[in-house]
Amino acid sequence: MQKSQSAPFLCPKASKVGSSTGFRVVSGNIMALPHGRRNNMEAPVRFDARSEYQHHFREIPHCYASMDRKPLMPYHPHATRSRLAVEDAPVPMKNASAIEFRDLHCVHNRRFVTTHKNDFTGEGVDLRGNPGMIAESTRVQRFLRAK
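Residues numbered from 1 in each chain as written. Predicted model: local features only at pLDDT ≥ 70, side-chain atom pairs only at ≥ 80, totals over all residues. Heavy atoms only, no water.

**Some points on the overall build of the chain**
Step number 1: The helix and strand tally for the chain stands at 3 helices and 3 strands.
Step number 2: Its helices and strands in sequence order give the chain the pattern β-β-β-α-α-α, from N to C terminus.
Step number 3: In the chain, which comprises 147 residues, the proportion classed as buried is 7%.
Step number 4: Restricting to contacts in the chain with at least 6 residues of sequence separation, those with at least 24 account for 5%.
Step number 5: Counting only carbon and sulfur atoms, one obtains 57% of the accessible surface of the chain, whose full area is about 15000 Å². (Helix = DSSP H or I, 4+ residues; strand = E, 2+ residues; numbered from the N terminus. Buried < 20%, exposed > 50% of the residue type's maximum accessible area, 1.4 Å probe, protein only. Contact = heavy atoms within 4.5 Å. Areas by Shrake-Rupley, 256 points an atom, 1.4 Å probe, with all protein chains shown as cover.)

**Points about the pairing of strand E3 (residues 29–33)**
Side-chain direction in a regular strand flips from residue to residue, so the side chains alternate between the two faces of the sheet.
Step number 1: Relative to E3, strand E2 (residues 22–26) is paired through 5 bridges, and the arrangement is antiparallel. When the sheet's bridge partners are listed, Gly22 is paired in E3 with Leu33.
Step number 2: Two successive antiparallel strands, E2 and E3, enclose a turn made up of 2 residues, where Ser27 displays a positive phi of approximately 55 degrees. (Pairing = 2+ DSSP bridges.)

**Let's talk about helix H3 (residues 131–146)**
Step number 1: With 16 residues, H3 extends 22 Å between its outermost C-alpha atoms, agreeing within 8% with the 22 Å of an ideal straight helix rising 1.5 Å per residue.
Step number 2: Backbone nitrogen of Gly132 and a side-chain oxygen of the N-cap are separated by 3.0 Å at the start of H3; the cap is Asn130. (Expected span 1.5 Å × (residues − 1). Polar contact = N/O pair within 3.5 Å; in protein donor to acceptor, adjacent residues only side chain to side chain.)

**A look at the environment of Pro34**
Step number 1: Relative to the assigned elements, Pro34 resides in the loop between E3 and helix H1 (52–56).
Step number 2: What makes Pro34 exposed here is its relative accessible area of 63%.
Step number 3: In sequence terms Pro34 and Ser19 are 15 residues apart; their C-alpha atoms lie 7.3 Å from each other.

**Some thoughts on the confidence of the model for the chain**
Any segment with low pLDDT has predicted coordinates that should not be analysed in fine detail.
Step number 1: On average, residues of the chain score 79 in pLDDT, and 84% of them are at 70 or above.
Step number 2: Within the model, the stretch residues 3–10 combines pLDDT values under 50 with 7 contacts to residues more than four positions away or in other chains. (pLDDT = per-residue confidence, 0-100.)

**Examining the packing of aromatic side chains**
Step number 1: Applying the stated criterion across every chain yields a total of 1 aromatic pair.
Step number 2: Seen from their ring centres, Tyr53 and Phe57 are 5.0 Å apart, and the 35 degrees between their planes marks the pair as tilted.
Step number 3: Judged by relative accessible area, which is 60%, Tyr53 ranks as exposed. (Phe/Tyr/Trp six-rings, centres within 6.5 Å; stacked < 30°, edge-to-face > 60°.)

Printed below as a string of structure tokens:
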């Protein structure tokens, strides 16, 4: 085997994109020399064994923005440690009455029914042009609806 320095006319000193450290001539063929292994590599990332659901819905301590000694955690725009403090919900008294007073004559079943919902019958468009015939059929429909 010959190093690339011994045959400079056959091989360039280094590759154009930096993908190899040099070249060698093996049996008449030019072969690239790969980069060596790094000795200062960090330990590989360990498997976390938590699902995405478990990661986002884990038990977290109660935190708010002005709290002293908040636990450190990675940045997230909706993190509880960045929110303002919220007061607790009021606890109902144990002796409180559960009686509701209602007006017997007030019925809220059809409270939000519009005029369109009341008068819509689902019939097609009336193509008659005679106003007397339209008025007569409208009078009959109102009489039947009033019954």
